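Commentary on secondary and tertiary structure
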Amino acid sequence: MFSYEEKKYLLSLLKKQKRNTFFRRTPDINSRLIEKIQQMIRNEEVNNEELRKKL
């Protein structure tokens, strides 16, 4: 499992790779990974907010 910071870093790397290959097609897995990591980050942010509210 990745930490929140690691997920953010991976997301930035994937987006950077996609920008660098603007004229070349990136693999489909790149887009799927970006979507999954974005969802994981959103879930973690929502969960953290919910935990703070309970405390």
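Residues numbered from 1 in each chain as written. Predicted model: local features only at pLDDT ≥ 70, side-chain atom pairs only at ≥ 80, totals over all residues. Heavy atoms only, no water.

A few words on the side chain of Asn 30. In this fold, Asn 30 is placed in helix H2 (residues 28–54). In this structure, Asn 30 is in contact with Leu 14, Gln 17 and Lys 18, ignoring residues within four places of it in sequence. (Helix = DSSP H or I, 4+ residues; strand = E, 2+ residues; numbered from the N terminus. Contact = heavy atoms within 4.5 Å.)

Before going further, it helps to examine the packing of helix H1 (residues 4–20) against H2. Describing two packed helices takes the angle between their axes plus the distance from one axis to the other. Two elements in contact, H1 and H2, have axes whose closest approach is 10 Å; the angle formed by their N-to-C orientations is 150°. When the axis of H1 is compared with that of H2, the two are roughly antiparallel. Taken as a pair, H1 and H2 cross one another with a handedness that is left-handed. Counted together, Tyr 4, Lys 7, Lys 8, Leu 10, Leu 11, Leu 14, Lys 15, Gln 17 and Lys 18 of H1 and Asn 30, Ser 31, Leu 33, Ile 34, Ile 37, Gln 38, Met 40, Ile 41, Glu 44 and Glu 45 of H2 form the full contact between these two elements. (Axes fitted to C-alpha atoms, helices over the stretch in contact; angles between N-to-C directions. Parallel < 35°, antiparallel > 145°, perpendicular 65-115°, else oblique. Left-handed = near helix turned anticlockwise from the far one by under 90°.)

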